[in-house]
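As a plain string of letters, each chain reads:
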Amino acid sequence: MKNYTSISVLSNLEEMIQSAMRLKQNPLQNLELGRDKTMVMLFFNSSLRTRLSTEKAARQLGMHVSILNVNEAWQLEFEEGTKMNMNTSEHIKEAARILSLYADILAVRAFPSLKDKQLDESEQVLKSFVKYATVPIINMESATGHPLQALADALTITEHKSTKKPKVVLSWAPHSKALPQSVPNSFVEMMQLMEADFSITHPKGYELNPNITKNTKINYNQDEALEHADFVYVKNWSSYEPYGKILNKDETWMMTKAKLGNAKFMHCLPIRRNVVATDEVIDHENSLIIQQADNRTFATQAILQEVLNGLTSK
Ligand code: CP
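First, a word on what this report is: a plain description of the structure on this page. (Residues numbered from 1 in each chain as written. Predicted model: local features only at pLDDT ≥ 70, side-chain atom pairs only at ≥ 80, totals over all residues. Heavy atoms only, no water.)

1. Points about the site of the ligand
Working step 1: Close to the ligand lie Ser47, Leu48, Arg49, Thr50, Arg109, His146, Gln149, Cys268, Leu269 and Arg296.
Working step 2: Side-chain polar atom of serine 47 to an oxygen atom of the ligand: 2.7 Å apart, as the coordinates give it.
Working step 3: The side chain of histidine 146 places a nitrogen or oxygen atom 2.8 Å from an oxygen atom of the ligand.
Working step 4: Starting from 260 Å² of accessible surface for the ligand in isolation, the protein chains cover 93%.
Working step 5: The residue inventory of the shell around the ligand, partitioned by class, reads three nonpolar, four polar and three charged.
Working step 6: Looking at which domains feed residues into the shell around the ligand, each of domain 1 (7–145 + 296–312) and domain 2 (149–292) gives three or more. (Near = heavy atom within 4 Å. Polar contact = N/O pair within 3.5 Å; in protein donor to acceptor, adjacent residues only side chain to side chain. Areas by Shrake-Rupley, 256 points an atom, 1.4 Å probe, with all protein chains shown as cover. Nonpolar A, V, L, I, M, F, W, Y, C, P; charged D, E, K, R; others polar. Domains from an automatic or database assignment.)

Next up, the structure:
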């Protein structure tokens, strides 16, 4: 594997999940693989889980890790041919090539603006690093996707399912801020690859990008959608059309224990308690949120292992 920018680059999902499971059993089994290799992690946005689980995954493969909060460095310019007489000080063309001197792998987190759909969908930041860096790029959540989270979620479902084809529901939840569609996009793509009876439930108007949802079932009746669910992934996202808006904050969409029934509860975190889901749901033994966060390490380690294998086989 050269870059891990989206789920579409996974050639064998099942093998990747099995690899993550083996690493979870014995995290230090390939400590030599990343010896003398460095990963530089670039954060344009905040993070708790991604930052620490990705660092841990790299260290468990023997790598060195450097972290740069990009907003504390020179402000980067991404436009081609622009006259840089405003706020930006350094062009991505130089920055990506220079970072490639210091790193064997670059990992990038860059959220969407939620203001300019075309710009966000162009994945300007992530794709500029892919274009100008000379080392592999890992997506730590971009404008439209969070493939590391989705792999950890696939691992979590695989570990906890009790039937071959579980019923999985992605359920929209209210939130006071307009949030990206990255996590639901990648979760939808992942469920389309897995053996699952998968559907999405949300109020009318919160349809995700139809190029991503494709033929996935959408049910606007949350109670009906949740019937007999094995896993319920709860997540807020802002509207896709009109882009990046809060259309409603209908509290009746908050996940409660009564709605959840006996299903396992999933969320990528961070989560706003008693807005997205009640305390009772989050703290219940059927909540998998801590397991999902734990699995971030092993899912990422499986990806890094693939990328490192690609480096050494050159
Ligand atoms: N789920 C997730 O990506 O968490 P962070 O934003 O804290 O990294």
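2. Observations concerning the sheet that holds strand S11 (residues 264–266)
Working step 1: Strand order in the open sheet made by the five strands is S9-S8-S7-S10-S11, with parallel pairing throughout. In the strand order of this sheet, the two ends are held by strand S9 (217–219) and S11, each with one partner. Taken over all neighbouring pairs, the strand axes of this sheet differ in orientation by 25 degrees on average, direction set aside.
Working step 2: Bridging between strand S7 (residues 167–172) and strand S8 (residues 197–201) involves five bridges; their strand directions are parallel. Across the sheet, the residue bridging to valine 168 is phenylalanine 198, located in S8.
Working step 3: Running over the sheet, helix H7 (residues 182–193) touches S7, S8 and strand S10 (231–235) and is turned about 165 degrees from S7. (Pairing = 2+ DSSP bridges. Helix = DSSP H or I, 4+ residues; strand = E, 2+ residues; numbered from the N terminus. Axes fitted to C-alpha atoms, helices over the stretch in contact; angles between N-to-C directions. Contact = heavy atoms within 4.5 Å.)

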